[in-house]
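A look at the structure
Spelled out, the chains give:
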Amino acid sequence: MECDETLDTAFDVGFQDGSAAERRTPLKSACSTVRFEAVPSVRGFPSARGQRHFSGLYWSASSARHVGFESWLERDTAMLLDFDPRVVAFASQPFWLHWDDGRRMRRHAPDWFARLDDESGVVIDCRPPGRIGPRDQEAFDATARACAAVGWRFRLVGEVDRVQSLNLRWLAGYRHPRYQGSEEVRARLSEVFAQPRELLDGAGEIADPLGVLPVLYHLLWTGVLRCDLAVPLSERRLVQWSEGATW
């Protein structure tokens, strides 16, 4: 997408482009040329005994690679991005945003950059409301201004829905393509769940549920099958084939 010609030129970005050195350039020139959803993280994700936050790696099915996170909230946000059919790919801490706050030079690495299927970009920071200090708020406000100037959206995530998060944690265990199953099983699932049907009852009609359920959960993750994820997932949850879905 094209950048707004009225961009505030005070914003620079520093990012990794595959070389050893960090590349720094005005945000205006980078926003339409750099695939920030595919760049390496500008910071590491170390873990050590006694640290206050939880770091780790999450394998993204949409990006087909690992992305780092530094808290449970960031991890859950990664799952939501991975589950969202509009998200083509996303990266963790993809760039340093540099700006002058009038007193000193500042920099901030947003937690996520996501590329949507319409080629637009979304920048996301994750922080519970009770843990946002004045300098944090200044950084988030500056990031929001920079995003608005180049036509990206900015989201500050303070919490995620607990029930949806628990459901996605379960389904994410079956996000890898190895769980897509055979065409025969998928065809039977499309027949059995053409109308709303209880999850375990429908799976048992096809074959041994132990062999069918991983495929069913994978198709729920990909949106080929659908159910209400605002309530806890259970064996009696109604599941239905999505209209017009393909695998």
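Let me begin by describing the structure that accompanies this report. (Residues numbered from 1 in each chain as written. Predicted model: local features only at pLDDT ≥ 70, side-chain atom pairs only at ≥ 80, totals over all residues. Heavy atoms only, no water.)

1. A look at helix α3 (residues 134–150)
Going by this rule: Secondary structure elements follow DSSP: runs of H or I of four or more residues count as helices, runs of E of two or more count as strands, with numbering from the N terminus. In this scheme, a helix's expected span is set at 1.5 Å multiplied by one less than its residue total. Think of it in three bands: residues with accessible area under 20% of the maximum for their type are buried, residues over 50% are exposed, and the middle band is partly exposed, with areas taken using a 1.4 Å probe on protein chains only. Any two residues having at least one pair of non-hydrogen atoms within 4.5 Å are treated as being in contact.
The end-to-end C-alpha distance of α3, which contains 17 residues, comes to 25 Å, matching closely the 24 Å that a straight helix rising 1.5 Å per residue would cover. Those residues of α3 that sit buried are A139, F140, A142, T143, A146, C147, A149 and V150. Considering only its buried residues, α3 is in contact with α1 (27–30), β6 (96–100), β7 (105–108), β9 (121–126) and β10 (153–157). After α3 finishes, the residue G151 shows a positive phi value of roughly 85 degrees.

2. Focus: the environment of D101
Operational definition: We define a polar contact as two N or O atoms separated by no more than 3.5 Å, with the added condition that, inside protein, one atom must be a possible hydrogen donor and the other a possible acceptor, whereas residues neighbouring each other in sequence contribute only through side-chain atom pairs.
Residue position: D101 is located in the loop between β6 and β7. Measuring from C-alpha to C-alpha, the distance between D101 and R24 comes to 18 Å, with 77 residues separating the pair along the chain. One polar contact links the side chain of D101 to the main-chain amide nitrogen of R103, over a distance of 2.8 Å. Within polar-contact distance, the side chain of D101 engages the backbone nitrogen of R104 at 2.8 Å.

3. Focus on the packing of aromatic side chains
Inclusion rule: Stacked, edge-to-face and tilted labels apply to pairs of Phe, Tyr and Trp rings (six-membered ring for Trp) whose centres lie within 6.5 Å, assigned for plane angles under 30 degrees, over 60, and everything in between, in that order.
A complete count under the given rule lists 14 aromatic pairs for this structure. Relative to W72, the ring of F54 has its centre 4.1 Å away and its plane inclined at 10 degrees; by these criteria the two rings are stacked. With F54 in the loop between α1 and β3 (56–60) and W72 in helix α2 (residues 72–83), the pair connects residues that are 18 residues apart, well separated along the chain. In this structure F54 comes out as partly exposed when scored by relative accessible area, which is 37%. Where F113 meets W152, the ring centres are 5.0 Å apart and the plane angle is 65 degrees; that geometry is what we call edge-to-face.

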